[in-house]
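Fold and contact review
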Amino acid sequence: MTTTLYRNAVVFTADPTPEQPHPIAEAFAVADGRFTAVGSIADVRTAVGGVAGGAGSHEVVEVDLEGRFVAPGFIDSHTHLVGFGESLGRVQLRDCATLAEMQQRLVAAREADPSAARVLGSGWLFDALPGGRPTAEMLDEVLPDVPVYLDANDFHSTWVNGAALRELGITRETPDPVGGEIVRDAAGDATGLLLETAGTQFAWAFLSSQTTEADVVAALDRAFATYLAAGVTGVTEMSLNAAEVTGLQAIIARDGRLPFPVTAHWILEPTGDAARDVAGAERIAALREEIAAGPARDWLRIAGVKFIMDGTIDACTATMLAPYADGSNAEPIWTAERILPVAEAADRAGLQIAMHAIGDRTSQIALDVVEHCVRANGPRARRHRIEHLESVADDTIVRMGELGVVASMQPVHCDPAVLDNWKAQLGDERQELGFPWQKFRAAGVAITLGTDAPTAPHEAIPNLYIALTGASVLAPERDPYHPERAFTPADALTALTAGGAFAGEMDDSTGRIRPGLAADFIVLDVNPLEAAPEALLASRVLSTTVQGEERHRAR
């Protein structure tokens, strides 16, 4: 057996002790894909024994990291792998400031591939459009003859043109699905904007039907490779479906493994039939057991279910305690009547419950769901979680701490460059009270920081920069959004690593540099604990190692 001893490094272990809340080591050892020792160079050499640089039954190979910074691999605790991989091949619109710029980019994509059946794009922002509302006519002006499908930056709205509406068969008579809306004009005709489940059940479902297994595998390959280059060694997939399971299993059959392990939640959408919804939770529990007993078990694990309980503030579809600036409000996608029996069944089966809750009223309902599960199924260790928490009441944060509910948040969602419309929709003091990270820390709530790719940039280091500063990566000249909420570097790094492992119920296998855990680690060319935050914007992940095997090395 060969042990690799890494020395001369600043090693952030993310593994606190009572004496050292944020311990730093100078060396660690890896054998058979796991950490075997960590500490001072003398202690690690003593622990591993063997003959350095020699041959024999126990060879020790030493690697000099030349003073570089080492941390556990980043864990993106909220992502959508297939959607992310697909978005990498679509027209990118996040940085378009005007409709004209979007139109030009879409036309250029069409001219580059005139035989494509459709033009697909993602990332558009509401405040880049006249009146903040997209219409089919805006796209028909430049692309009237080919279907165009464009996902919003938040992936909760889909903008389509007239050809796409016809392809989808959406007419005046088409009913809105439960939890969604086909936006219509005064005459009752669809405008080209599909909100929430109208987007997923019409546009996404149709595009999925046109996608082959090879397409899904290609998207997954792109997502994995891009993540490894960004220092990610594990993810929690938040929109698992049958096609993605098939794609992941195909990669395992092809390669014998995934590039890194995937923990996943299966989305449940309300059907309007309570018995059918409960049966859906039970099917997911059965699939969890099937995968756990099969050849994919070491690489794919179904942790639980995900309920998208509301929409987004940008589209005025998140459920708020008080109305939006225009006087409107939104009903939750999952009402209490619909969700309680389904959540109870999921909790009874031991599934982890993740709840998308952006509005302050929705997060209150989410905690009511957790309390109901405790009453119905009795006390036991639980690690349920709420996703996003952009606008949240103070008493909700206190309740989360008391109930042990994990806060899963994404600093990239409050990059000041994408907040103008968010603020405008709220229109009052709430626009300055969003993303209250400091209050979660004060209440002792367990925190994980992800990206929600592809709804936001996937890179972990820019995500870290926003967590440290409240400043913008997309537009550095913008003023920070309430930097007093910011994390310390050690707390942010912990939330991006060990926090993701805890939230994903994989802290017994990864997330820290600790003997016995998987040797998942990264080497950076900057020390975030000491460098000015601005230095992160030009920094690189030099290498990414998964289970002791280097999977990425920067050129």
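Residues numbered from 1 in each chain as written. Predicted model: local features only at pLDDT ≥ 70, side-chain atom pairs only at ≥ 80, totals over all residues. Heavy atoms only, no water.

1. What to know about the packing of aromatic side chains
The description of two aromatic rings rests on the distance between their centres and on the angle between their planes. Under the criterion given, the structure shown has 16 aromatic pairs. Here the aromatic rings of Y6 and F28 are separated by 4.9 Å at their centres, their planes lie at 15°, and the arrangement is stacked. Of this pair, Y6 sits in strand 1 (residues 2-7) while F28 sits in strand 4 (residues 27-31); the two residues are 22 residues apart in sequence, bridging distant segments of the chain. Like Y6, the residue F28 is buried in the burial classification. Both rings, one in Y149 and one in F206, keep their centres 6.3 Å apart while their planes meet at 20°; by these two values the pair is stacked. Of this pair, Y149 sits in strand 12 (residues 148-152) while F206 sits in helix 6 (residues 197-209), placing them 57 residues apart in sequence. Here Y149 matches F206 in class, with each residue buried. The rings of Y6, F28, F35 and F521 are connected pair by pair, giving a single aromatic cluster. The ring centre of F502 lies 3.9 Å from the NZ or CZ of R383, which sits over that ring. (Phe/Tyr/Trp six-rings, centres within 6.5 Å; stacked < 30°, edge-to-face > 60°. Helix = DSSP H or I, 4+ residues; strand = E, 2+ residues; numbered from the N terminus. Buried < 20%, exposed > 50% of the residue type's maximum accessible area, 1.4 Å probe, protein only. Lys NZ or Arg CZ within 6 Å of the ring centre and 35° of its normal.)

2. Quick word on the packing of helix 7 (residues 213-229) against helix 8 (residues 242-255)
Between helix 7 and helix 8, the least distance of the axes is 9 Å, while the angle of their chain directions is 70°. In terms of orientation, helix 7 and helix 8 fall into the roughly perpendicular class. Taken together, the residues of helix 8 that come into contact with helix 7 (itself represented by E213, V216, V217, L220, D221 and F224) are A243, E244, T246, G247, L248, A250, I251 and R254. Along the lines of polarity and charge, the residues of the contact of helix 7 with helix 8 split into eight nonpolar, two polar and four charged. (Axes fitted to C-alpha atoms, helices over the stretch in contact; angles between N-to-C directions. Parallel < 35°, antiparallel > 145°, perpendicular 65-115°, else oblique. Contact = heavy atoms within 4.5 Å. Nonpolar A, V, L, I, M, F, W, Y, C, P; charged D, E, K, R; others polar.)

3. As for the sheet that holds strand 12
The strand order 10-11-12-13-15-14 describes an open sheet built from six strands, whose pairing is mixed. The open sheet terminates on both sides in strands that have one partner only, identified here as strand 10 (91-92) and strand 14 (180-184). Across three bridges, the pairing between strand 13 (residues 157-160) and strand 15 (residues 190-196) is antiparallel. Within strand 15, the position partnered with S157 by the bridge is L195. Running at roughly 100° to strand 15, helix 6 makes contact with strand 11 (119-124), strand 12, strand 13, strand 14 and strand 15 of the sheet. (Pairing = 2+ DSSP bridges.)

4. Examining the packing of helix 9 (residues 274-292) against helix 10 (residues 336-348)
Interaxial distance between helix 9 and helix 10 falls to 9 Å at its minimum, and their mutual angle equals 20°. If you check the angle between helix 9 and helix 10, you find them roughly parallel. Read as a crossing pair, helix 9 and helix 10 show a hand that is right-handed. Together, D277, V278 and A281 of helix 9 and P341, V342, A345 and A346 of helix 10 make up the contact between the two elements. Looking at side-chain class alone, the contact of helix 9 with helix 10 contains six nonpolar, no polar and one charged residues. (Left-handed = near helix turned anticlockwise from the far one by under 90°.)

5. Overview of the pattern of salt bridges
Charged atoms that come close allow side chains of opposite charge to pair. A complete count under the given rule lists 28 salt bridges for this structure. E62 serves as the salt-bridge partner of R45, at 2.9 Å between the closest nitrogen and oxygen. With R45 in helix 1 (residues 41-48) and E62 in strand 7 (residues 59-64), this residue pair connects regions lying 17 residues apart in the sequence. By relative accessible area, R45 is classed as partly exposed at 40%. (Salt bridge = Lys/Arg side-chain N within 4 Å of Asp/Glu carboxyl O.)

6. As for the environment of A229
Within the secondary structure, A229 sits in helix 7. On a C-alpha basis, the gap between A229 and R283 in space is 35 Å, while along the polypeptide they are 54 residues apart. Ignoring sequence-local partners within four residues, the contact set of A229 consists of V541 and H552.

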